[in-house]
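Now for the letters of each chain:
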Amino acid sequence: MKVIAWPAFKTKHKNPYNWLLYSQIVKQGVTVTEFSLSKLLRQEYHIFHLHWAMETIVRHPNRAVAALRAIAMLLAIDWVRARGTKIIWTIHDRRPHSLLHPQLAAWFQSEFVKRVDGCISHCQASKEWAMSTWTYLSDRPHTIIPHGHYREFYPNSISCETARANLDIPSEYHLLLFLGYIDCYKNVPHLVRIFRELAPTNWMLLVAGKLEVPELGAQISEAAGNDFAVKLKFGYIPDEQLQTYFKAASLVVLPFQEILNSGSTLLALSFNCPVLVPEEGGMAELQEQVGQNWLKLYQGELTTEVLKLGLEWALEQGRSPQANLKELEWSILGQQTIETYENIVNFYS
């Protein structure tokens with residue numbers, strides 16, 4: 001079995017999902033190649049596996065260049081499909097979080113979906129949404145393979161006490177943490193306002209991560225004011241430092257306005273941090289896997305009452321030393337992906 005993937009290994013240090021998946025697939029005997037147009041056209045592959053296809057291919061700032069990239073990709077897909085390569089798409093989100101050319105992206109997405117031979121979703125909610133959105137997918141194989149955890153990928157050896165000291169968290173305070181790339185849909189200014197409105201006793205809020213939209217920095221800083229209980233650390237957090245933030249936290253909050261799957265949730269659970277997150281997309285399914293004592297869901301907008309209940313739950317809910325992530329081991333998910341490849345190839349034989 002020969003696979004070419006977009007992306008395969010190159011996003012390891014931004015989002016290691018693909019690297020973790022394909023490293024396991026390689027261990028299980030499948031050849032995986034990082035995508036390039038020349039490799040795709042010159043060599044033969046059983047599978048062309050794409051992730052986040054629309055937003056990566058048409059994201060070039062020059063609309064003409066983005067259009068040429070989109071057309072070139074569709075022509076390349078037509079060429080390799082004629083030679084027998086099967087096109088598999090893993091659906092990560094309902095829509096890209098930022099688009100430079102919305103009409104072009106919508107056109108490319110509609111044309112791309114017509115060429116998909118099989119899909120992978122991380123949850124039943126994702127599969128149902130995709131099938132209802134694109135009728136072309138109704139007769140194509142569609143497999144549910146969960147998103148894996150990050151437990152062995154990031155360093156995790158620091159003690160809670162050392163982590164709290166490194167972040168200058170007073171001993172009498174609990175830490176509420178938001179960590180990750182800061183984008184508009186993640187609703188961080190609203191989180192800061194709600195936290196300050198609630199003003200919970202003996203809690204501090206720390207917002208840490210790289211600003212994807214620079215203007216958000218000013219909005220978040222304005223919402224935080226000079227409040228001692230709100231700490232802001234804008235900037236990329238190196239892999240080796242993630243443990244400091246998660247080991248210091250009593251609760252991770254992710255007040256996203258839209259969510260289908262969430263690598264951020266799984267990252268927190270990988271460090272055994274309980275998470276407060278909207279009851280959207282596949283979060284209810286993930287809660288069934290890891291347990292209600294690790295993942296608390298809320299409906300609608302984050303409010304002071306929702307946050308108050310979440311903070312109480314974080315401290316009062318008994319939980320095991322580790323979140324149960326056995327179903328999300330990459331060796332299992334790699335095998336499931338290989339079986340999906342084989343089933344799709346056989347489906348069209």
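One can find the structure itself at the top, above this paragraph.
Since the model is a prediction, treat every value here as computed from it, not as a measurement.

A word on the pairing of strand S5 (residues 118-121)
Looking along a regular strand, one sees side chains alternate from face to face of the sheet.
Part 1 of the reasoning: Side chains Gly 118 and Ile 120 of S5 all project onto a buried face; the interleaved residues Cys 119 and Ser 121 project onto the opposite face, where all are buried too.
Part 2 of the reasoning: Note: strand S4 (residues 86-91) against S5, 4 bridges, orientation parallel. The residue bridging Trp 89 from the neighbouring strand is Cys 119, located in S5.
Part 3 of the reasoning: Strand direction decides the pairing type here: S5 and strand S6 (residues 142-144), joined by 3 bridges, are parallel. Bridge pairing in S6 links Ile 120 to Thr 143.
Part 4 of the reasoning: Crossover S5 to S6 through helix H6 (residues 124-133) is right-handed.

A word on the environment of His 13
Part 1 of the reasoning: The residue His 13 is located in the loop between strand S1 (2-6) and helix H1 (17-27) in this model.
Part 2 of the reasoning: Among the residues examined, His 13 registers a relative accessible area of 53% and is labelled exposed.
Part 3 of the reasoning: Residues in contact with His 13, not counting those within four places in the same chain, are Tyr 236 and Asp 239.

Some points on the packing of helix H8 (residues 188-198) against helix H13 (residues 304-316)
Part 1 of the reasoning: It is at 9 Å that the axes of H8 and H13 come closest, and there the two elements cross at 75°. Relative to H13, the element H8 lies roughly perpendicular. In this structure, H8 uses Ile 194, Phe 195, Glu 197 and Leu 198 to contact H13, whose residues at the interface are Thr 304, Leu 307, Lys 308 and Leu 311.
Part 2 of the reasoning: Its residues assigned to classes, the contact of H8 with H13 comprises 5 nonpolar, 1 polar and 2 charged.

As for the sheet that holds strand S2 (residues 31-34)
Part 1 of the reasoning: Pairing within the open sheet is parallel, and its 6 strands lie in the order S2-S1-S3-S4-S5-S6. Both edges of this open sheet fall to S2 and S6, since each of them pairs with a single strand only. Within the sheet, the average angular offset between the axes of one strand and its neighbour, ignoring direction, is 25°.
Part 2 of the reasoning: As defined by bridge partners, S1 adjoins S2 across 4 bridges and the pair is classed as parallel. When the bridges of S2 are listed, Lys 2 appears paired with Thr 31.
Part 3 of the reasoning: Across the face of the sheet, helix H4 (residues 63-82) comes into contact with S1, strand S3 (47-51) and S4 while running at roughly 130° to S4.
Part 4 of the reasoning: Against the sheet, H6 contacts S4, S5 and S6, and its axis sits at roughly 160° relative to S6.

As for the nonpolar core
Part 1 of the reasoning: Counting residues in hydrophobic clusters, the biggest one holds 89 residues, and the most contacted among them are Leu 176, Val 192 and Phe 246.
Part 2 of the reasoning: Here the element with the most residues in this core is strand S8 (residues 203-209); it accounts for 6 residues.
Part 3 of the reasoning: Once you skip the residues sitting within four places of it in the chain, Phe 246 turns out to touch Leu 177, Leu 179, Val 252, Leu 267, Ala 268, Phe 271 and Cys 273.
Part 4 of the reasoning: Membership of the second largest hydrophobic core comes to 31 residues, among which are Trp 6, Ile 57, Ala 67 and Phe 108.

Digging into the packing of helix H11 (residues 263-270) against helix H12 (residues 283-290)
Part 1 of the reasoning: For the pair H11 and H12, interaxial distance at closest approach is 12 Å and the crossing angle is 20°. Comparing the axis directions of H11 and H12 gives the class roughly parallel. Judged by the twist between their axes, the crossing of H11 over H12 is right-handed. Here Thr 265, Leu 266 and Leu 269 of H11 come into contact with H12, specifically with Met 283, Leu 286 and Val 290.
Part 2 of the reasoning: In terms of residue class, the contact of H11 with H12 is made up of 5 nonpolar, 1 polar and no charged.

Overview of the packing of aromatic side chains
Part 1 of the reasoning: Per the stated rule, a full pass over the model turns up 17 aromatic pairs.
Part 2 of the reasoning: When the ring of Phe 108 is compared with that of Phe 112, the centres are 6.1 Å apart and the planes differ by 20°; the resulting orientation is stacked. Linking Phe 108 with Phe 112, this pair stays in helix H5 (residues 102-114), spanning 4 residues, or about one helical turn.
Part 3 of the reasoning: Residue classification places Phe 112 among the buried residues on the basis of a relative accessible area of 1%.
Part 4 of the reasoning: Here the aromatic residues Trp 19, Tyr 150, Phe 153, Tyr 154, Phe 246 and Phe 271 are joined through ring pairs into a cluster of three or more.
Part 5 of the reasoning: Seen from the ring of Trp 313, Arg 319 lies directly overhead, with NZ or CZ sitting 4.9 Å from the centre.

Focus: the pattern of salt bridges
Part 1 of the reasoning: For the structure on display, the rule yields 7 salt bridges.
Part 2 of the reasoning: In this structure, Asp 227 and Arg 196 form a salt bridge, with 3.1 Å as the shortest nitrogen-oxygen distance. Of this pair, Asp 227 sits in the loop between helix H9 (215-224) and strand S9 (230-234) while Arg 196 sits in helix H8, and the two are 31 residues apart along the sequence.
Part 3 of the reasoning: Here Lys 308 and Glu 312 are joined by a salt bridge, their closest N and O atoms 2.8 Å apart. Taken together, the positions of Lys 308 and Glu 312, both in helix H13 and 4 residues apart, correspond to about one turn of that helix.
Part 4 of the reasoning: One salt-bridge network, in which partners are shared between bridges, spans Asp 78, Glu 111, Lys 114 and Arg 115.

Points about the sheet that holds S8
Part 1 of the reasoning: Here 6 strands make up an open sheet; going across it, the order is S9-S8-S7-S10-S11-S12 and the pairing parallel. One side of each edge strand has no neighbouring strand; the edge strands of this open sheet are S9 and strand S12 (295-298). Direction aside, the axes of adjacent strands within the sheet are offset by 25° on average.
Part 2 of the reasoning: When strand S11 (residues 275-278) meets S12, the two strands line up parallel, connected through 4 bridges.

Basis of the calculations
Residues numbered from 1 in each chain as written. Predicted model: local features only at pLDDT ≥ 70, side-chain atom pairs only at ≥ 80, totals over all residues. Heavy atoms only, no water. Buried < 20%, exposed > 50% of the residue type's maximum accessible area, 1.4 Å probe, protein only. Helix = DSSP H or I, 4+ residues; strand = E, 2+ residues; numbered from the N terminus. Pairing = 2+ DSSP bridges. Right-handed = clockwise from strand over helix to strand, strands pointing away. Contact = heavy atoms within 4.5 Å. Axes fitted to C-alpha atoms, helices over the stretch in contact; angles between N-to-C directions. Parallel < 35°, antiparallel > 145°, perpendicular 65-115°, else oblique. Nonpolar A, V, L, I, M, F, W, Y, C, P; charged D, E, K, R; others polar. Core = buried A, V, L, I, M, F, W, Y, C linked by side-chain atoms within 4.5 Å. Left-handed = near helix turned anticlockwise from the far one by under 90°. Phe/Tyr/Trp six-rings, centres within 6.5 Å; stacked < 30°, edge-to-face > 60°. Lys NZ or Arg CZ within 6 Å of the ring centre and 35° of its normal. Salt bridge = Lys/Arg side-chain N within 4 Å of Asp/Glu carboxyl O.

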